[in-house]
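Residues per chain are reported as follows:
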Amino acid sequence: MMLAELQATCSSLGYQEKNSYVKEPDCTETVKDLIRFLKREDDTCDIRRQLGHAQIVQNDLVHILKGYADDSALFDTVIRLLVNLTQPAYLCFDNLIPEDKTLRNYYLEIESHLLSYKLAFADESLFAVLTKKLGDLLQLDFEQRSDDDSLVIERVLILVRNILHVPPDVSSEKRTDDDATIHDQVLWALHTSGMEDLLLYVASSDSERQFCMHCLEVISLMFREQTPEQLASAGGQRSMTEKQKDEQELLLAMEKEKSRKQANMMKYSTRHSRFGGTYVCQKIKSISDENLIYHRSLGDACNISHDMGKNPTKKPKNRKPIKEIELTRRSTLSIRLFLKEFCVQFLENCYNPLMYAVKDNILHNRSQENDETYYLWALRFFMEFNRHYKFKLALVGETMSLPTFHYMQTELMRYHEMILGEKKEAIVWSKRLHLALRAYRELLLTLHCMDKSKDEQICRSSKVMKNNIFYMMEYRDIFLVLLRKFNESKNSRSLLKDLIETCHIYIKMLEQFAKGGSCMVQKKKRTANKKKNKKASKKDNSGPSKEELEELWDGLSDTLSEIIQGKENIPESTCPFDVTSDIEDTQQRVNAMIRIQDDLRGNKPADALALFRAAREVWPEENQFGEVDIPPEDEFMALREVFFAEIQRPQAEQEDNAFMEDEGNEPDEVVEEELEDAMPSYSEQEFNMQEFIVSFASPLVLKPYALLFSEFKINSVFTNHCIIRLFHRLAVDLHIPGVLFQAAIFRTFQKILSYRNSEIYKELYKFAIYVTKKFFESAKDNEKIFMELMFWKSKRDAIEVSEGYGSYKENHESQKQSKWNEEQIEELKTLFEQLKDVDGELDAADYILAHVIDNTRTRRQIIRQLVQQDLIENAAALKRKGPTRPTRLWREEEELELKNLFDQFKDTDDVVANIINNMKTKRSKPKVMEKIMALELVEDKKELYKKRKRKNGGQNRNETEGFVDDQDDESAMASESENEAENEPEVDSSQSEDDSVTPNHQTEDTGSSFKNLLDKLKNQGLEDQIKWIQNNLRRTADELEEDDDDEPIPIVPLTEDHENAMENKNFKTFLKTLGIAPPANEQERFWRIPAKLKADKLRKLVDCIDDPNSSDAPVIQGQGHMKTKSKRNNARFEMLKNLAKQKKDNQATKDNNKRFEENPDNSNSEDDEVPLVKKTPIVTKRLRKTDTSSDSDVAGPSNEPKEKSKPSKRAKLDSESSSNMSSRPSSDEEGLGLHLPKPTGKTNLDTSSSSSSDDDELHISIEVSNKANKKSARLESSSSEDELLPKASIGNAADNRDSFADTSKADQEMKSDSDDQLLPMRKAVKRPTIASDSE
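Residues numbered from 1 in each chain as written. Predicted model: local features only at pLDDT ≥ 70, side-chain atom pairs only at ≥ 80, totals over all residues. Heavy atoms only, no water.

With that settled, the discussion passes to the overall build of the protein chain. Along the protein chain, the regular secondary structure elements total 55 helices and 15 strands. Looking at the protein chain as a whole, 42% of its 1335 residues are labelled buried. Considering only residue pairs separated by 6 or more positions, the protein chain has 73% of its internal contacts joining residues 24 or more positions apart. Accessible area of the protein chain: about 77,100 Å², with a carbon and sulfur share of 48%. (Helix = DSSP H or I, 4+ residues; strand = E, 2+ residues; numbered from the N terminus. Buried < 20%, exposed > 50% of the residue type's maximum accessible area, 1.4 Å probe, protein only. Contact = heavy atoms within 4.5 Å. Areas by Shrake-Rupley, 256 points an atom, 1.4 Å probe, with all protein chains shown as cover.)

For the rest of this paragraph, the subject is a negative patch on the surface. Together, Glu547, Glu548, Glu551, Asp554, Asp558, Glu562 and Glu568 line one region of the surface with negative charge. You can see Glu568 is positioned in the loop between α24 (546–564) and α25 (585–601). Given a relative accessible area of 36%, Glu568 falls into the partly exposed group. (Patch = residues over 30% accessible without salt bridge, like charges linked within 9 Å, V, L, I, M, F, W, Y side chains within 5 Å. Salt bridge = Lys/Arg side-chain N within 4 Å of Asp/Glu carboxyl O. Lys, Arg positive; Asp, Glu negative; His and termini not counted. Charge placed at Lys NZ, Arg CZ, Asp CG, Glu CD.)

Okay, the pattern of salt bridges next. Summed over the entire model, instances satisfying the criterion amount to 33 salt bridges. A salt bridge links Arg616 to Glu635; the nearest nitrogen and oxygen atoms lie 2.8 Å apart. In this pair, Arg616 sits in helix α26 (residues 605–618) while Glu635 sits in helix α27 (residues 632–644), placing the two residues 19 residues apart along the sequence. Exposure remark for Arg616: the relative accessible area of 10% places this residue in the buried category. Linking Arg796 and Glu800 is a salt bridge whose minimum nitrogen-to-oxygen distance equals 3.7 Å. Placement of the pair is Arg796 and Glu800 together in helix α35 (residues 795–803), with a separation of four residues, close to one helical turn.

Okay, the pairing of strand β3 (residues 279–285) next. Bridge analysis of β3 against strand β4 (residues 291–294) gives four bridges, and the strand direction is antiparallel. Among the inter-strand pairings, Val280 is bridged to a residue of β4, identified as Ile293. Taken together, β3 and the strand that follows it, β4, pair antiparallel across an intervening segment of five residues. (Pairing = 2+ DSSP bridges.)

Right, let's get into helix α4 (residues 56–67). Helix length check: α4, at 12 residues, gives a terminal C-alpha distance of 15 Å against a target of 16 Å (1.5 Å per residue), a fit within 8%. What α4 keeps buried is the set Ile56, Val57, Gln58, Asp60, Leu61, Val62, Ile64 and Leu65. (Expected span 1.5 Å × (residues − 1).)

Excluding glycine, residues mostly have negative phi values, and the peptide bonds linking residues are mostly trans. With a phi close to 55°, Lys18 is a non-glycine residue in the positive phi region. Topologically, Lys18 is positioned in the loop between β1 (14–17) and β2 (20–23). You can call Lys18 exposed: its relative accessible area is 78%. One non-glycine residue with positive phi stands out, namely Asn95, at about 60°.

Once that is clear, we can look at the side chain of Glu217. Following the sequence through the fold, Glu217 ends up in helix α12 (residues 212–222). Judged by relative accessible area, which is 7%, Glu217 ranks as buried. Of the polar contacts made by the side chain of Glu217, one reaches the side chain of Arg161; its length is 2.5 Å. Look past the residues within four positions of Glu217 in its chain and what remains in contact with it is Arg161 and Tyr374. (Polar contact = N/O pair within 3.5 Å; in protein donor to acceptor, adjacent residues only side chain to side chain.)

Judged by nonpolar contacts, the single largest core of 192 residues is most densely connected at Phe223 and Phe382. Looking at this core, the element that brings in the most residues is helix α19 (residues 426–451), giving 12 residues. The residues contacting Phe382, other than those within four sequence positions of it, are Ile219, Phe223, Cys343, Phe346, Leu347, Tyr351 and Trp377. Ile1051, Ala1061, Val1102 and Ala1113 belong to the second largest nonpolar core, which has 28 residues in total. (Core = buried A, V, L, I, M, F, W, Y, C linked by side-chain atoms within 4.5 Å.)

The next thing to look at is the packing of aromatic side chains. What the rule picks out here adds up to 42 aromatic pairs. Consider the rings of Phe746 and Phe775, whose centres lie 5.1 Å apart with planes at 75°: the pair is edge-to-face. Placement of the pair is Phe746 in helix α32 (residues 743–752) and Phe775 in helix α33 (residues 762–781), with a sequence separation of 29 residues. These aromatic residues form a ring-pair network of at least three members: Tyr705, Phe709, Phe727, Phe741, Phe746, Phe749, Phe767, Phe775, Phe776 and Phe786. The ring centre of Tyr106 lies 4.0 Å from the NZ or CZ of Arg49, which sits over that ring. In this structure, Arg857 packs its charged tip against the face of Trp820, placed 3.9 Å from the ring centre. (Phe/Tyr/Trp six-rings, centres within 6.5 Å; stacked < 30°, edge-to-face > 60°. Lys NZ or Arg CZ within 6 Å of the ring centre and 35° of its normal.)

What follows covers helix α46 (residues 1023–1042). Here α46 spans 29 Å end to end across 20 residues, near enough to the 28 Å set by a 1.5 Å rise per residue. All of the buried residues along α46 are Gln1025, Ile1026, Trp1028, Ile1029, Gln1030, Asn1032, Leu1033, Thr1036, Ala1037 and Leu1040.

In contact at an axis separation of 9 Å, helix α1 (residues 4–11) and helix α2 (residues 27–39) are set at 150° when each is read in the N-to-C sense. Of the possible angle classes, the one that applies to α1 and α2 is roughly antiparallel. Seen from above, α1 lies across α2 with left-handed handedness. In contact with Glu5, Leu6, Thr9 and Cys10 of α1, α2 contributes Thr30, Asp33, Leu34 and Phe37. (Axes fitted to C-alpha atoms, helices over the stretch in contact; angles between N-to-C directions. Parallel < 35°, antiparallel > 145°, perpendicular 65-115°, else oblique. Left-handed = near helix turned anticlockwise from the far one by under 90°.)

Moving on to the side chain of Arg616. Engagement of the side chain of Arg616 in a polar contact is seen with the side chain of Glu635, the distance being 2.8 Å. Apart from residues no more than four positions distant in its own chain, Arg616 is found in contact with Phe625, Gly626, Glu627, Val628, Ile630 and Glu635.

Our focus in this paragraph is the state of the cysteines. As enumerated under the stated definition, the model contains zero disulfides in all. Its sulfur unpaired, Cys215 is 7.4 Å from the next cysteine sulfur, which belongs to Cys350. (Disulfide = S-S within 2.5 Å.)

Right, let's get into a nonpolar patch on the surface. On the surface, a nonpolar cluster with roughly 250 Å² of combined accessible area is contributed by Tyr90, Leu91 and Ile97. Note that Leu91 resides in the loop between α5 (72–85) and α6 (101–120). The exposure class assigned to Leu91 is partly exposed, which follows from its relative accessible area of 38%.

What follows deals with the packing of helix α38 (residues 844–851) against helix α39 (residues 859–868). Across the interface, α38 lies against α39 with an axial gap of 10 Å and an inter-helix angle of 115°. The orientation of α38 relative to α39 falls into the category roughly perpendicular. Pair α38 / α39 crosses with right-handed handedness. Within the contact between the two elements, α38 uses Ala845, Asp846, Ile848 and Leu849 and α39 uses Arg859, Ile862, Ile863 and Leu866.

Let us now look at the environment of Thr574. Along the chain, the position of Thr574 falls in the loop between α24 and α25. Ignoring any residue separated from it by four or fewer positions in sequence, one finds Thr574 in contact with Ala610, Leu611 and Ala614.

The subject of this paragraph is the confidence of the model for the protein chain. Confidence in the prediction for the protein chain averages 74 pLDDT; 71% of positions are at 70 or higher. Residue range residues 950–1008 is modelled with pLDDT below 50. Its contacts to residues more than four positions away, or to other chains, number 136 contacts. Scored below 50 in pLDDT, residues 1118–1129 shows 37 contacts in the model against residues more than four places distant or in partner chains. (pLDDT = per-residue confidence, 0-100.)

What follows is the structure in structure tokens.
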């Protein structure tokens, strides 16, 4: 029953009085209330159905539109309500036709209401009102038109679209051709009102492009039941072709009726039924061994079947063929003439601009989803109309182009992929695929018409387009792909018919194009990504031997036993069954067993056990994976059986291989390896028509042809011709009639033979006779051919069935894989040895092919045999490489030039680059560096690296002072200083016993000190990081035992905790104690295990970490100065020391020579040593005054970076003193924090304090005479090592270390004998990016 509120609302709209409709005062609000009711309807659409029963559209809304069109507010509101009520029924059910019985009845009820609405709109006066309203709004300029006006235009177009979209009810209308249906009546009302002119205006106007999609929808629905061919011929006289076609159709109908009557007459005998008799059918056995007894009339004898009375097997609902009915009819002549005139005007004025605008919206996503279907329909319909009416290419030039062909091809493939992916909506996607296919077919037919044009320019354009279409491989393979994947449960028979006809047209055009001359086409190369050779593949397929499996199980069983006992964790996220897969349950069970075996043999017992238990839960019924409550021992033995089982693994057959087998060209063993894993490559070759037709000799292609061929009675003559023409190409042109030896095709031949006198089936009858004759000729030699009828056959199978089993391999593969005798192999080896090094564009295989005696050999056979004989690894070894220049030797003059250039540029920033730029004969940088190392001009290759300079916001301080930063040389000096420190184990006597440890005299507390360092790190939470270093050392030791490498091994932190530990001060001390070297320069980022640490030393370090109290525990470097920075490790101090030594030795030598010249008689000294007096230059050092009572000088600076201790002369003086010196320093020295050893020679110590109140610094002048110094020999040896360093002193730019004065200025100061000249030194303050000076 109708709701009371809804009924009251409908009654408030108005009433009919005589011939006019009178609205209620609140009619507008009532219409709005109805819109609100529709918004609140449920899933059953109850409000919509009740309004349909109330017929408010026929009785109220239509009359309101006609009588009150001037009321804009009421008109707009009624249009809104009508758009809602007339929307398609499937939109009310979420774009799906409901399958539930109740909802399906509601759906049909709404469909009936929509049909009654459509009949109500077949009113010329109503369309006149809509046309007038729409025209008035379209006349407004863009500036004058408001948004509400645009909405009204859009709603009117949608309303017309909804009315035309209502599907016809053929059973209720019962209209014949040339009769006016409801749809024709609506079209006539639209025509008489003049709305068609407004549609043409909207379609052709650039300013109305926003309505182009609505306009195209309305136009497509106007022609929903029409065919372009009928419209093009409307109003004209029928041609002879049309007359013949009609006569053939009439003759076919008469013959069908006549044959049906004759068949019925044969069923009945003239004799009385009581004397029908009983017959015995010879050669037809009954249930017993006797002949079959037949109790019916002779007329039915030909229809004897054992299947009579049996219930046919029912197909599942999802496998039933689609029953698609295409509604096409011939409307009345007046309707056809009006539609014809509309098509002509549309082509002349609107087609090109509208199609351009629609495609632009589609490509730029300005349209709704799947709106391209209207574009495809319009392209097919109007291009076909243009072809049948008066072919003018200019009228369809917008869509007749190569981009359109490409767009069709991509849409076809997209729809095809969606059919395979979206299984629930496969039928919907199949309909869209059908639209795209028909549009593609029309493009081909239009292209064919262009060839027949008398205009030479059109013919040339056609040739260019065909060149591109036939050249590209995608256009040729699209039909094969669609035929192979045809499924009658997803694709309709009409789609199959259009597909076969389009394929026939394409093959015919391609054949004609190929006859015109050589036709080059694109072909995809068959490449493999590094395929294994034949021996390797055989080895892989054979699997491991039993002995190998026994060895694997022995190493696996212990771990598996522990996992089963629960001592180790088992992965949880393991699923042996894939619900979304199409693989059957039985095969998935086998696949799970294979995965378990692979995990076991791949040494993954935890994964195997987890998968084994998960499979047991999924398939518990057959106990293939063990019982539910299986004990651990039985589970262990079950896994052992799986490990040793020989499981037959399925071989995945790829579609490409099946395709090649269907062709008969089975893929040969691949010997040419693809070196690069790149995109699929393409080659160009001359088109071979026979090879293209052979690709259709596949069961997957012939099945759809046979399916459509079985319906030859209802097929058109052209459709049957397309099917027989392909069969003829295979059986006659290619001489492989065996592909048609199939029971389904022979059953159709059997039906065709009964129409031997029919002119329509004459072509089919002749071909059926030819194939059956070939079949029985082959049956004489092959008795098994009758069983072969039950199977579809490829080209290879067809040849073997006709010519004998094994004939294909003998006749067709013998040419490709001919055998090689011993003489031919020896000839091949001889030619290869002679021709493998021949220069030229060709490779060895080409030369061998030209000189080999057997002319039937191919390049591929030669390469295959070369690989089998182990002469080459693969085909890539034959490829010619570019000409390589011989290695140029270094001549003597070039080596001399290199030495001179090195001496000239060794102090520059980039030594090698400057040398290369000034060399006469250019060589590569690695070659130059290699030669410099060979000439022993440098000891370390790092000295040749380009020196990086510090950015200081302006000019580099070191450059202005004459020093160049070199990180590598500084690291070398630091290492030298460390060596000197080891050779001179001096300890300050002022330091406490706890803070001083000599490296060479390890005390009993050394191990405990190392233990304290470990404990301190563990207290800081770095225990895991210590284990990480320990594992690295252990792993490095293992690698060194296998392969002793001379390169340092970096320690790369992989986690954030490791990186934080590498920045910890105590952790760095720990690394240095172990002997791990820090980054040497800017080019290194990580700490490295030096190459000098061998495997045994590393293992000792690993053991010491576990047992820090052992005697082998390492010594903490600089333990005496644990809290202060060691002066001997200070690169600045070491550089000063080396510089002072070098200057001192030079000056002493000059003084000695001068003295010898002045007094040659006193050349002999009292001492036994050489009378050489070395006098050191005066060195001045600024030291900040410290408090003697403070322990900061001894214990080190505080945590503040500004109080970091400055280096002093102590290290230098210590290095010049003997190791057994024990005298105490003076009080002045103690006050300054200096500890000077007692010199052996003359020593003058002058101390003067500065009176400056700013820094309160002391200036100390020290002069040391080495006249009787016992360490002179050691100093000379150390100075000789310093000669390896560059003459210019070096600073560290990376650490923002100190800068020094100009070398030339320092030399000038050193030459003077004045003890008052000083060498100033500045303190560098560390900043994030720049360095500033402070006194």
